[in-house]
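# Coordinate inspection notes
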Number of protein chains: 2
Amino acid sequence: MEPVFALGLGVARDSGNLVAQIYNQLSKAILQGRLASGTAIPSSRLLAQHLNVSRNTVLQAYSRLQSEGLLITKAGSKTLVADITTTLPNSTLAANLAGMIRPQWQNTSLFAQPGTSIIEFNFSIGLADTSLFPFEIWRRTINRQYRKMETRTMEPGHPAGQPLLRNMIAKFISQSRAVSCSPENIFVTSGAQQAYVLLAQLFIKSGETCVAIESPGYPMARRAFAAAGAIIVDVPVDEEGLIVEAIPAAAKIVFVTPTHQFPTAVPMSIERRTTLLKLARQRDMIIIEDDYDSEFRIGSHPIDALQTLDTDGRVFYVGTFSKCMFFDIRTGFIATPEWAIPFLANARQALDWRNPLTTQLALAEFMQTGELRRHIARMTPIYERRYSAIVAAVHQHAQGILTPGVMRAGLHLTLNLNKHYAAQEVCNKALQRGVKIHCGNEFSVTDKIPNQLMLGLGRISQQAIEPAIKRLVSCIVDKGN
Amino acid sequence: MEPVFALGLGVARDSGNLVAQIYNQLSKAILQGRLASGTAIPSSRLLAQHLNVSRNTVLQAYSRLQSEGLLITKAGSKTLVADITTTLPNSTLAANLAGMIRPQWQNTSLFAQPGTSIIEFNFSIGLADTSLFPFEIWRRTINRQYRKMETRTMEPGHPAGQPLLRNMIAKFISQSRAVSCSPENIFVTSGAQQAYVLLAQLFIKSGETCVAIESPGYPMARRAFAAAGAIIVDVPVDEEGLIVEAIPAAAKIVFVTPTHQFPTAVPMSIERRTTLLKLARQRDMIIIEDDYDSEFRIGSHPIDALQTLDTDGRVFYVGTFSKCMFFDIRTGFIATPEWAIPFLANARQALDWRNPLTTQLALAEFMQTGELRRHIARMTPIYERRYSAIVAAVHQHAQGILTPGVMRAGLHLTLNLNKHYAAQEVCNKALQRGVKIHCGNEFSVTDKIPNQLMLGLGRISQQAIEPAIKRLVSCIVDKGN
């Protein structure tokens, strides 16, 4: 018998909402572990027959479980129980109250505690090298802003950000990414994460709006959309980026990282970009383009951003200063069609009002005086040399085992792994031997993922690269422990 | 005919979800202005008869409209169309996309633009006097933190905040408010606003969870709960604070400002506090206690916080540094039962990861060195003198017209207005004559509000108070313009 039928589900026609009855029984079974992670869920038709209710009723219950992260579905494929780890408190009272927590936050493994392994070679991704950041200049800039604050009455200003900062950001991305925008298009956020949250607040109707995301993809974007109650569909990625044809017809929003796909590092081909924009026009979809680390280029000029290619004004372009400066700056932005600014302002005020003024003004000054440009110019060849050193070491020591993937920008690269080895196993073993790397499994809820390793460039020194790759290769080919 | 029936609503039984059909027709009519603000909505029984559907179907559609802020309901009273001002963009494409924006953000009057009136006497509420804040000490403290950052690798740390800051906050509120907590109970947030958002993320299920809030009350807390899809019930406030008996049985969360009710300034009586805690126990409700400006005391010791009186651990106590320091600090906190910390951490990471480390560590040092305590000690008598000056000026110049309300803490006071005058009119006329004051109408969606004026203490100097009150009185009694 299928596990779901073994639960003894039932509905009482006289006890009100049938959708809620089915939802409640299934969510309880998942949170209590009676339905294990990965369990296949019967088709809505089968369960509807079994319970003698309409198929639509079952579909509504499933879509709610999906939007709360308890079920996962991939494009054109089965629905499975998601991976949930939950630990409810001991005392009855606390357990009662904790039972009120929305299912999507109950997974206690979501908040990653730092590991206990000793890391000798650190290829962590998503982190910039801040050892050469001009902190002294930054500190003096912040200082000047605080001095000004002493002598004037602070006025909170527009939630979109200080005019000078919006101006500087518009100039910066117009030059560096040919993003077509003016200061009126810029909305300053508390990092890229808040940009996803704001766009989710604006466009996602709980249990209704379908969002297509990349798989493998950026888990924290997924989490922001899930928190807003989106129905999330994982669309696969290949060597040209997001497979546009696999976007389901129901999707109203597409989240995509075309410059440097997270985490596979491939740039989206120009054909795919054109097809995606065409599809978006046909279906009236919104595109969220996340260009999280495109400031650092490797080799040739990157392909135009979707925002640049778009003629409609349906692309929301998200950027961040976490990579080109340092993560504690907590500043990102959306380049948005201007009509959306007042709606974003409403949503931002209800979230946390605005970014701190002193940081905004200091960042504006840091850009205006050319310091940011100088820092990026200083760091780009450093990252490029690290990239080249990895590629060279792989060619020399990992022939037939690892092949570097294509990459044009960003702070991490991908190594394709020979199909005789499994990426997840290699990651685990490497970590045991002091090499921190990543693989697609960390960034996907489905199992159709490329057999690849991801290596970040932010925390590894030039000299450490050759010994690190040699160690990594020994982890792959050495059969023992 | 009732306006709703005049719309020509209809449902098609073969076109799927009946709730969605009713919801869509009504929300469109409200957003397009065909149902005007304040229009009474027929009872669910009547509309169900009219459409020949079950009453439950209509109730579900109403509750969704309510959770999206399109309808408002007060405890035990009629349901009305909310006040919505929306301006969709001109171009067809933009209007199409903007039509996807969730109804609660479409009210373009939500983001208040600064007024154009020239303000001579500023009694704005919610603002602290920062003219005496020791910005130079603060700047040096921030500076020291940035210097440290230059010499170490930054580690992001726990989303709940830096251990030293959690420690200092726990000490601070244990001493100043007898809040019973240890550092493990503190969760640092980006201001009080984000504290509401986090608790809403945790506990509010869209279209389901009923939240009781004070009326008049703090509009931005309402907005945070509405954004999460709460069904909001406005519970009236009298001279003992929130009327506990009026909390509907359906409420799972109560939001309350017991120390210094926002905006009526009354302290909640000890009887009401005990009744509220008892009711919460009986009905397994969660209480969110917002103690937004209790650091500044007027006269006698304030009554114990609900968090202090609570023996269950069902009170989430929210505080902020915007008032006792300055608003740009963007730091608040929740004193929470410890079991909720990992859930809050999950939700916080998905919102914007964490507060900036440098600000966290600088604030911790500022508290540890006693600077915060000294600043509060310096400011308390200043605010107290302003309060006394207002009371004295009212006694002298506004006998029979204005009567000061009770107040034990905080940065604004209430003046009860003689029933022959209307608070809203007085506010408008005062603003025309250069006196900025507030009234309950700004903070309520219902019309049963006390006839009161609210005066903030943060932006008015001691010497300006007597002439300001005289000007105010002239606005009340002078019949001309």
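Structure shown above.
Since we're looking at a predicted model, the values are computed, not measured. (Residues numbered from 1 in each chain as written. Chains lettered and ligands numbered in written order. Predicted model: local features only at pLDDT ≥ 70, side-chain atom pairs only at ≥ 80, totals over all residues. Heavy atoms only, no water.)

## Considerations on the pairing of strand E6 (residues 231–238) of chain B
Residues and elements named next belong to chain B.
- With 6 of 8 residues buried, E6 lies mostly within the body of the structure.
- Both strand E5 (residues 210–215) and E6 contribute to a ladder of 6 bridges, which runs parallel. Bridge assignment links Ser215 to a residue of E6, and that residue is Pro236.
- In the sheet, E6 pairs with strand E7 (residues 241–242) via 2 bridges, with the strands oriented antiparallel. Bridge pairing in E7 places Val237 opposite Leu242.
- In this antiparallel pair of consecutive strands, E6 and E7, the connection spans 2 residues. (Buried < 20%, exposed > 50% of the residue type's maximum accessible area, 1.4 Å probe, protein only. Helix = DSSP H or I, 4+ residues; strand = E, 2+ residues; numbered from the N terminus. Pairing = 2+ DSSP bridges.)

## Considering the relation of the copies chain B and chain A
- If you rotate chain B by 180° and push it 0.0 Å along the axis, it lands on chain A with an RMSD of 0.1 Å. Viewed as a symmetry operation, the transformation between the two copies matches a two-fold axis.
- Both copies contact each other with a shared surface, as 100% of the interface residues of chain B are interface residues in chain A too. (Least-squares fit on C-alpha atoms with pLDDT ≥ 70 in both. Contact = heavy atoms within 4.5 Å.)

## Digging into empty space enclosed by the protein
- A complete count under the given rule lists 5 cavities of 30 Å³ or more for this structure.
- Volume-wise, the largest cavity comes out at about 350 Å³.
- Arg330(A), Pro356(A), Thr359(A), Pro356(B) and Thr359(B) are, among the 32 residues lining the largest cavity, the residues nearest its centre.
- At the level of elements, helix H6 (135–150), helix H12 (341–352) and helix H13 (357–368) of chain A together with helix H6 (135–150), helix H12 (341–352) and helix H13 (357–368) of chain B are the ones that each hand at least two residues to the lining of the largest cavity. (1 Å grid on protein atoms, 1.4 Å probe; cavity = no way out; pocket = protein on both sides within 12 Å on 5 of 7 lines; lining within 4 Å. Points joined across faces, edges and corners; volume = space filled by probe spheres on them.)

## Regarding the state of the cysteines
Residue and element names in this part refer to chain A.
- Per the counting criterion, the structure on display carries 0 disulfides over all chains.
- Free cysteine: Cys324, not disulfide-bonded; nearest cysteine sulfur from Cys181 at 15 Å.
- The exposure class assigned to Cys324 is buried, which follows from its relative accessible area of 0%. (Disulfide = S-S within 2.5 Å.)

## Comments concerning the pattern of salt bridges
- Under the criterion given, the structure shown has 28 salt bridges over all chains.
- The shortest N-O distance in the salt bridge between Arg64(B) and Glu208(A) comes to 2.5 Å. Note that Arg64(B) is positioned in helix H4 (residues 55–67) and Glu208(A) in the loop between helix H8 (191–203) and strand E5 (210–215), a pairing that runs across two chains.
- Taking the relative accessible area as the measure of exposure, Glu208(A) reaches 43% and is therefore partly exposed.
- Through salt bridges with shared partners, a single network forms among Arg281(A), Asp284(A), Asp312(A) and Arg314(A). (Salt bridge = Lys/Arg side-chain N within 4 Å of Asp/Glu carboxyl O.)

Scope: geometric values only; no functional claims are made or implied.
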